Amino acid sequence: MPGLLRGVARTAVVAGTATAVSNRVSRRQAGRWARQEEPAPQQYAPPPAAAPAPAAPADDMSDKIAQLKELGQLKEQGVLTEEEFAAQKSKILAS
């Protein structure tokens, strides 16, 4: 009986060790595959966009006026409340 118990214990230790090693190898391999699948940060990055040319002051003012007219129409139609209108108006005038 002691020989049988020793054999069972040895089998359990070997099986447990093999499972632990197998799991560790699987996790390490999955990590390697994940790193290979990640694109290089600069490899797929789009080229930097050119900065937009500064708008002429007259164009900027006409754009603001057009936006303010649209806001006024939305307020008249009841789409915007007085508070929303004032907030959007201040954003447009501040820009």
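These numbers come from a predicted model, not from an experiment.

Brief notes about the confidence of the model for the chain
If pLDDT is low for a region, its predicted coordinates should not be looked at in detail. On average, the chain scores 77 in pLDDT, and the residues at 70 or more come to 75%. Highest mean pLDDT in the chain belongs to helix α3 (residues 82-94) (88); lowest belongs to helix α1 (residues 2-37) (77).

Looking at the side chain of lysine 64
With respect to the helices, strands and loops of the structure, lysine 64 is situated in helix α2 (residues 57-77). Look at lysine 64 and you get buried, because its relative accessible area is 11%. Apart from the residues lying within four places of it in its own chain, the contact partners of lysine 64 are Ile92, Leu93 and Ser95.

Details of the UniProt feature "domain: SHOCT" (unreviewed entry) in the chain
Within the UniProt annotation, "domain: SHOCT" (unreviewed entry) is assigned to residues 66-93. Secondary structure across residues 66-93 comprises 86% helix and 0% strand; the distance between its end C-alpha atoms is 12 Å.

Rules used in this analysis
- Residues numbered from 1 in each chain as written.
- Predicted model: local features only at pLDDT ≥ 70, side-chain atom pairs only at ≥ 80, totals over all residues.
- Heavy atoms only, no water.
- pLDDT = per-residue confidence, 0-100.
- Helix = DSSP H or I, 4+ residues; strand = E, 2+ residues; numbered from the N terminus.
- Buried < 20%, exposed > 50% of the residue type's maximum accessible area, 1.4 Å probe, protein only.
- Contact = heavy atoms within 4.5 Å.
- UniProt positions renumbered as here; feature names shortened; annotations may be inferred.

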